[in-house]
Amino acid sequence: MVFAISVGYADYMNFWSGFYKAGALRKEVSCVAILQDGKILMGRRRDNQKFTNPGGHLEPGEDPADGAIREVKEEAGLDLDKSKLEHLVSKEVTTPKGERYLIHAYKYDLDEKQPTSMKEDPDAEVRVWKWLSMPLDREVLDNLHSPKNVLLDALGLSLSKQDLSEMERVGR
């Protein structure tokens, strides 16, 4: 005997969001550092003007590398070859609100520049994509959308505001 129950989408989401809020489940995210000629591709978000890398939430059951490729295509319009995608680290972080995320960080060395496009971005989160010189300057590091930036940490590109202040103080 099979029993079925029909619930609306809002009820379904409210049910599962309770697990996320309680920390019982975690969300998974893939993000990519796209590098070329000593520069990294970063976007300025529409909502808060903070800097971000291409990436986003994985679909249920989606392979993290496939999700990274999909997110870059959706958000920045770039076509990446999965075989050239380099996994850097997967790390769990907890936000100040107690939400748990498993972040899959990747690096991709772009052979030749491709124009960016936001036509396929369903969320339209990024206002503009820019190629920024590395190491990243203080304005960027002080204005990251994700202050616990697993991707930039894995690349050795992030320093805290305190570390930067100390380096300036001692003249380095």
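Description of the structure in this document. (Residues numbered from 1 in each chain as written. Predicted model: local features only at pLDDT ≥ 70, side-chain atom pairs only at ≥ 80, totals over all residues. Heavy atoms only, no water.)

1. A word on the overall build of the protein chain
Then, number 1: Regarding its fold elements, the protein chain presents five helices and seven strands.
Then, number 2: Order of helices (α) and strands (β) in the protein chain, N terminus to C terminus: α-β-β-β-β-α-β-β-β-α-α-α.
Then, number 3: Taking all 172 residues of the protein chain together, the buried fraction comes to 37%.
Then, number 4: Of the contacts made within the protein chain by residues no fewer than 6 positions apart, 65% connect residues no fewer than 24 positions apart.
Then, number 5: Just so you have it, the protein chain exposes about 10600 Å², and 51% of that area is on carbon and sulfur atoms. (Helix = DSSP H or I, 4+ residues; strand = E, 2+ residues; numbered from the N terminus. Buried < 20%, exposed > 50% of the residue type's maximum accessible area, 1.4 Å probe, protein only. Contact = heavy atoms within 4.5 Å. Areas by Shrake-Rupley, 256 points an atom, 1.4 Å probe, with all protein chains shown as cover.)

2. Focus: the environment of Ile40
Then, number 1: Relative to the assigned elements, Ile40 resides in strand β2 (residues 39–45).
Then, number 2: Residue classification places Ile40 among the buried positions, given a relative accessible area of 0%.
Then, number 3: For the pair Ile40 and Leu136, spaced 96 residues apart in the sequence, the C-alpha separation amounts to 8.7 Å.

3. Brief notes about the side chain of Arg44
Then, number 1: Turning to its location among the elements, Arg44 is positioned in strand β2.
Then, number 2: By relative accessible area, which is 15% here, Arg44 ends up buried.
Then, number 3: There is a polar contact of 2.6 Å between the side chain of Arg44 and the backbone oxygen of Gln49.
Then, number 4: In this view, Arg44 contacts Gln49, Lys50, Phe51, Glu125, Val126, Arg127, Val128 and Glu139; residues no more than four positions away in its chain are not counted. (Polar contact = N/O pair within 3.5 Å; in protein donor to acceptor, adjacent residues only side chain to side chain.)

4. A few points about unusual backbone geometry
Most of the time, phi is negative for any residue but glycine, and the peptide bond is trans.
Then, number 1: With an omega of 0°, the peptide bond between Met134 and Pro135 qualifies as cis.
Then, number 2: Along the chain, Pro135 turns up in the loop between β7 (126–133) and α3 (138–141).
Then, number 3: Located in the positive-phi region is Gln49, a residue other than glycine, with phi close to 65°.
Then, number 4: The class for Gln49 is partly exposed, based on a relative accessible area of 31%.

5. Observations regarding the environment of Leu110
Then, number 1: With respect to the helices and strands, the residue Leu110 is situated in the loop between β6 (100–109) and β7.
Then, number 2: The class for Leu110 is buried, based on a relative accessible area of 8%.
Then, number 3: For the pair Leu110 and Leu80, spaced 30 residues apart in sequence, the C-alpha separation works out to 8.2 Å.
Then, number 4: Once residues within four sequence positions are removed from consideration, Leu110 is found in contact with Ile34, Leu35, Gln36, Leu80 and Trp131.

6. Let's talk about the pattern of salt bridges
Any two side chains of opposite charge can pair, so long as their charged atoms come close to each other.
Then, number 1: For the structure shown, the criterion picks out 14 salt bridges.
Then, number 2: Measuring nitrogen to oxygen at the nearest pair gives 3.7 Å for the salt bridge that ties Arg44 to Glu139. Taken together, the residues Arg44 in strand β2 and Glu139 in helix α3 connect sequence positions 95 residues apart.
Then, number 3: Overall, Glu139 belongs to the partly exposed group, its relative accessible area being 46%.
Then, number 4: Two residues, Lys82 and Asp63, come together in a salt bridge whose shortest N-O distance is 3.6 Å. Linking Lys82 in the loop between α2 (64–76) and β5 (86–94) with Asp63 in the loop between β4 (55–57) and α2, this pair joins segments that are 19 residues apart in sequence.
Then, number 5: A single network of salt bridges, built from pairs that share partners, joins Glu62, Arg70, Glu71 and Glu74. (Salt bridge = Lys/Arg side-chain N within 4 Å of Asp/Glu carboxyl O.)

7. Description of the nonpolar core
Soluble, globular proteins show a tendency: their nonpolar side chains are buried together.
Then, number 1: Membership of the largest hydrophobic core comes to 20 residues, with the highest contact counts inside it found for Ile40, Met42 and Leu136.
Then, number 2: Elements with a minimum of two residues in this core: β1 (27–36), β2, β6, α3 and α4 (150–155).
Then, number 3: Examining the composition of this core, we find that four residues originate from one element, β1, more than from any other.
Then, number 4: Apart from the residues within four sequence positions on either side, Leu136 is in contact with Ile40, Met42, Leu141 and Leu152.
Then, number 5: Of all hydrophobic cores here, the second largest spans 17 residues; its members include Leu41, Ala65, Leu85 and Trp131. (Core = buried A, V, L, I, M, F, W, Y, C linked by side-chain atoms within 4.5 Å.)

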